[in-house]
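This is what each chain is made of:
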Amino acid sequence: MVTRAWLIALLALTLACEGSIETPDGIDRQGAPNVGTDADAGTDTGTDPGTDAGTVPDAGTDPGTGGNPGQCAGGPLAAPVPNCNPDPAPNSGDIHADCVARINQLRWECQCLPPLQRWNAAEGCANQHSEYDSTRSAHAGFSGKICSPGGWAQNECPGWNSTEHVINGCLQAMWDEGPGEPYSAHGHYINMTNPSYTMVACGFFETPGGSVWSVQNFQ
């Protein structure tokens with residue numbers, strides 16, 4: 001019998017998500033409503049007016065530290081810890097590494113999931129996606145396959161106020177979708193926790209006006 005978890009994994013590989021999440025000041029973010037999920041087009045978490053050399057080990061959270069070690073003794077949790085919002089690590093000066101670290105922190109401290117590797121080889125393409133989308137629409141570069149390696153799925157934070165708000169706000173908003181149905185309302189979280197993915201590449205681009213576009217490409 002096909003399990004529910006397997007069906008969700010298949011959806012994450014084959015469907016695209018368009019939803020909307022509002023920022024605290026009421027600005028709509030498309031994708032998760034622009035947090036966007038897409039195995040071919042991406043998921044994006046919308047705007048926030050305020051807020052290949054190969055693969056290397058993740059730059060994120062060490063599964064042996066942080067959070068509540070006891071809660072992870074039995075392995076990954078079936079569902080995320082409710083209202084889990086761990087304090088982000090200090091800025092390291094490497095925004096790509098900080099992005100991967102935050103994703104892994106949410107995975108580990110909120111659900112005891114193992115870390116994703118930082119996909120260094122794909123960061124150049126992820127940056128291109130971010131720049132390309134900034135003059136078009138979320139997931140335009142991913143859908144158009146403008147570069148490679150582009151990954152199997154994409155989340156996107158379009159038009160946020162700063163890289164810090166992407167790390168501290170957008171990624172948290174994506175995680176907060178949690179599991180469930182319909183897929184369009186939970187696609188970003190599904191991409192962040194899909195057991196089929198082992199790597200993630202974060203990309204960033206700041207427009208002349210100062211807004212930040214960021215994608216997270218999973219594979």
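Residues numbered from 1 in each chain as written. Predicted model: local features only at pLDDT ≥ 70, side-chain atom pairs only at ≥ 80, totals over all residues. Heavy atoms only, no water.

## Topic: the overall build of the protein chain
Rule in force here: The way it works is that DSSP assigns letters per residue, a run of H or I at least four long becomes a helix, a run of E at least two long becomes a strand, and they are numbered from the N terminus. Buried residues are those whose accessible area, probed at 1.4 Å on protein chains only, stays under 20% of the maximum for their type, while exposed residues exceed 50% and partly exposed ones sit between those limits. In short, Shrake-Rupley with a 1.4 Å probe defines the accessible areas, and a residue's cover is counted only from the protein chains shown.
Secondary structure summary: the protein chain contains six helices and nine strands in total. Counting over 219 residues, the protein chain shows a buried share of 50%. Total accessible area computed for the protein chain in this model is approximately 9,200 Å², and 55% of it derives from carbon and sulfur atoms.

## Considerations on the nonpolar core
Note the cut-off: For our purposes a nonpolar core is just a set of buried Ala, Val, Leu, Ile, Met, Phe, Trp, Tyr and Cys residues, chained together by side-chain atoms within 4.5 Å. Residue contacts are counted whenever heavy atoms from the two residues lie within 4.5 Å of one another.
Core analysis: the largest hydrophobic core is formed by 27 residues, its most contacted members being Cys 99, Ile 103, Leu 171, Trp 175, Met 192 and Phe 204. Counting only elements with at least two residues in this core, the list comes to α2 (95–111), β7 (153–160), α5 (163–176), α6 (187–193), β8 (199–206) and β9 (212–218). With six residues, the single largest contributor to this core is α5. Dropping the residues within four chain positions of it, Phe 204 is found in contact with Ile 95, His 96, Cys 99, Asn 127, Ser 130, Thr 163, Val 166, Ile 167, Val 212, Trp 213 and Ser 214. If you look at the next biggest cluster of nonpolar residues, it comprises seven residues, including Trp 119, Ala 121, Ala 122 and Ala 201.

## Here's the deal with the state of the cysteines
For the record, the criterion: The definition used for a disulfide is geometric: two cysteine sulfur atoms within 2.5 Å.
Inspection of the entire model under this criterion finds five disulfides. A disulfide bridge connects Cys 84 with Cys 110, and the sulfur atoms are separated by 2.0 Å. One quick way to see it: the torsion about the S-S bond of Cys 84 and Cys 110 is about -80 degrees, and its sign makes the bridge left-handed. Of the two residues, Cys 84 sits in the loop between β5 (43–44) and α2 while Cys 110 sits in helix α2, which places them 26 residues apart along the sequence. Of the two residues examined, Cys 84 and Cys 110, each falls in the buried class. What pairs with Cys 157 in a disulfide is Cys 170, and their sulfur atoms sit 2.0 Å apart. On the sign convention where negative is left-handed, the bridge of Cys 157 and Cys 170, at about -90 degrees about the S-S bond, is left-handed. Of the two residues, Cys 157 sits in strand β7 while Cys 170 sits in helix α5, which places them 13 residues apart along the sequence. By the burial criterion, Cys 157 is buried, and Cys 170 matches it. By sequence-ordered numbering of the bonded cysteines, the protein chain has its disulfides arranged as 1-5, 2-4, 3-10, 6-7, 8-9.

## Let's talk about the pairing of β8
To be explicit about the condition: Think of it this way: DSSP has to see at least two bridges between two strands before they count as a pair.
The buried fraction of β8 is high, at six of eight residues. Pairing analysis gives two bridges linking strand β6 (residues 117–118) to β8, with the strands arranged parallel. Residue Arg 118 lies in a different strand from β8, and its bridge partner there is Val 200. Bridge count between β8 and β9: seven bridges; the pairing is antiparallel. Residue pairing in the sheet places Phe 205 in a bridge with Trp 213 of β9. Two successive antiparallel strands, β8 and β9, enclose a turn made up of five residues, where Gly 210 displays a positive phi of approximately 95 degrees.

## Quick word on the pattern of salt bridges
This is how the line gets drawn: One side-chain nitrogen of Lys or Arg within 4 Å of one carboxyl oxygen of Asp or Glu is enough to make a salt bridge.
If you walk through the whole model with that rule in mind, you get two salt bridges. Asp 94 is the partner of Arg 118 in a salt bridge, and the nearest nitrogen-oxygen pair spans 3.2 Å. Residue Arg 118 is located in strand β6, and its partner Asp 94 is located in the loop between β5 and α2; the two are separated by 24 residues in the primary sequence. The partly exposed category is assigned to Asp 94, whose relative accessible area is 28%.

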